[in-house]
Amino acid sequence: MSNKLICIVAMAFVLGWSGGLIRAQENQIVNSEFDDGLTGWGRYGATGFDVVVVQNAGLSGANAVLLDITAAAATASIGIAQSGLLLEPGVTYPIGFTARAQQSREMVVLLQTNLNNVSWPTQVERKVNLTTSAQTYVIEYTH
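Predicted model only: the values in this text are computed from it and were never measured. (Residues numbered from 1 in each chain as written. Predicted model: local features only at pLDDT ≥ 70, side-chain atom pairs only at ≥ 80, totals over all residues. Heavy atoms only, no water.)

Side note on the overall build of the chain
Alright, step 1. Secondary structure assignment for the chain yields 0 helices and 9 strands.
Alright, step 2. When the elements of the chain are put in sequence order from the N terminus, they spell out β-β-β-β-β-β-β-β-β.
Alright, step 3. Every one of the 143 residues in the chain was classed for burial, and the buried ones make up 40%.
Alright, step 4. If you take every contact in the chain between residues at least 6 apart in sequence, the share linking residues at least 24 apart comes to 62%.
Alright, step 5. Counting only carbon and sulfur atoms, one obtains 48% of the accessible surface of the chain, whose full area is about 7,900 Å². (Helix = DSSP H or I, 4+ residues; strand = E, 2+ residues; numbered from the N terminus. Buried < 20%, exposed > 50% of the residue type's maximum accessible area, 1.4 Å probe, protein only. Contact = heavy atoms within 4.5 Å. Areas by Shrake-Rupley, 256 points an atom, 1.4 Å probe, with all protein chains shown as cover.)

Right under this line is the structure:
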């Protein structure tokens, strides 16, 4: 880890639906607790950051994902994501996760739809304020 470490540790569900939080919906996120490393997760964004699975991060489960920002520009969009989620019109979905950072900072939560790899309209774009203490965030989205 770099001495300029700014980290986001997110557990359980990053940019995903958390099963059981609202109306006992089934969790559509593959490997949501990172029990199988980063299987099912894609990395996106500029260079200048590392993504690793760590244990005993003090969040909601045994594993967490650590985004170690080493040299990314302040305006760079970086993160991890999943695709292939099935959204039904009129259904409300919770996007839930537990996160903390090495220092207080904002994090943007995005939900985008893929229109034939031509455009990516944004359905949800919310900022959450991360602190050094773990917090659980739930954002509801009606498709």
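We are not done yet, so read on.
Observations regarding the packing of aromatic side chains
The description of an aromatic ring pair rests on the distance of the ring centres and on the angle between the ring planes.
Alright, step 1. Tallying each qualifying case throughout the model produces 2 aromatic pairs.
Alright, step 2. Plain terms: the ring middles of Phe 97 and Tyr 137 are 5.2 Å apart, the flat faces sit at 25° to each other, and that makes the pair stacked. Remark: Tyr 137 occurs in strand S9 (residues 135–142) and Phe 97 occurs in strand S6 (residues 92–101); sequence separation between them is 40 residues.
Alright, step 3. It is Arg 43 that lies over the ring of Phe 49; its NZ or CZ is 3.9 Å from the centre. (Phe/Tyr/Trp six-rings, centres within 6.5 Å; stacked < 30°, edge-to-face > 60°. Lys NZ or Arg CZ within 6 Å of the ring centre and 35° of its normal.)

Structural notes on unusual backbone geometry
Alright, step 1. Despite not being glycine, Asn 56 has its phi angle at roughly 55°, a positive value.
Alright, step 2. Mapped onto the secondary structure, Asn 56 falls in the loop between strand S3 (49–55) and strand S4 (63–69).
Alright, step 3. The backbone of Asn 117 sits at a positive phi, close to 55°, despite the residue not being glycine.
Alright, step 4. The residue Asn 117 is located in the loop between strand S7 (105–112) and strand S8 (122–130) in this model.
Alright, step 5. Overall, Asn 117 belongs to the exposed group, its relative accessible area being 61%.

Some remarks on the pattern of salt bridges
Alright, step 1. On inspection of all chains with the given rule, the structure shows 1 salt bridge.
Alright, step 2. Between Glu 106 and Lys 127 there is a salt bridge, and its shortest N-O distance comes to 3.9 Å. Highlighted residues: Glu 106 in strand S7 and Lys 127 in strand S8, separated in sequence by 21 residues.
Alright, step 3. Judged by relative accessible area, Glu 106 falls into the partly exposed class, the value being 45%.
Alright, step 4. By relative accessible area, Lys 127 is classed as exposed at 57%. (Salt bridge = Lys/Arg side-chain N within 4 Å of Asp/Glu carboxyl O.)

Overview of the nonpolar core
Alright, step 1. Core analysis: the largest hydrophobic core is formed by 14 residues, its most contacted members being Ile 95, Phe 97, Val 109, Val 128 and Leu 130.
Alright, step 2. Counting only elements with at least two residues in this core, the list comes to S6, S7, S8 and S9.
Alright, step 3. With 5 residues, the single largest contributor to this core is S6.
Alright, step 4. The next biggest cluster of nonpolar side chains, apart from the first, holds 11 residues, and it includes Ile 29, Val 51, Leu 67 and Ile 80. (Core = buried A, V, L, I, M, F, W, Y, C linked by side-chain atoms within 4.5 Å.)

Points about the environment of Gly 96
Alright, step 1. Looking at where Gly 96 falls in the secondary structure, it is placed in strand S6.
Alright, step 2. Sequence separation between Gly 96 and Val 138 is 42 residues, and the spatial gap between their C-alpha atoms is 4.3 Å.

Digging into the confidence of the model for the chain
The predicted coordinates should not be examined in detail at positions where pLDDT is low.
Alright, step 1. Summing up the model confidence of the chain, the mean pLDDT is 79 and the portion of residues at 70 or higher is 81%.
Alright, step 2. Across residues 1–23, where pLDDT falls below 50, the model places 97 contacts with residues more than four positions away in sequence or in other chains. (pLDDT = per-residue confidence, 0-100.)

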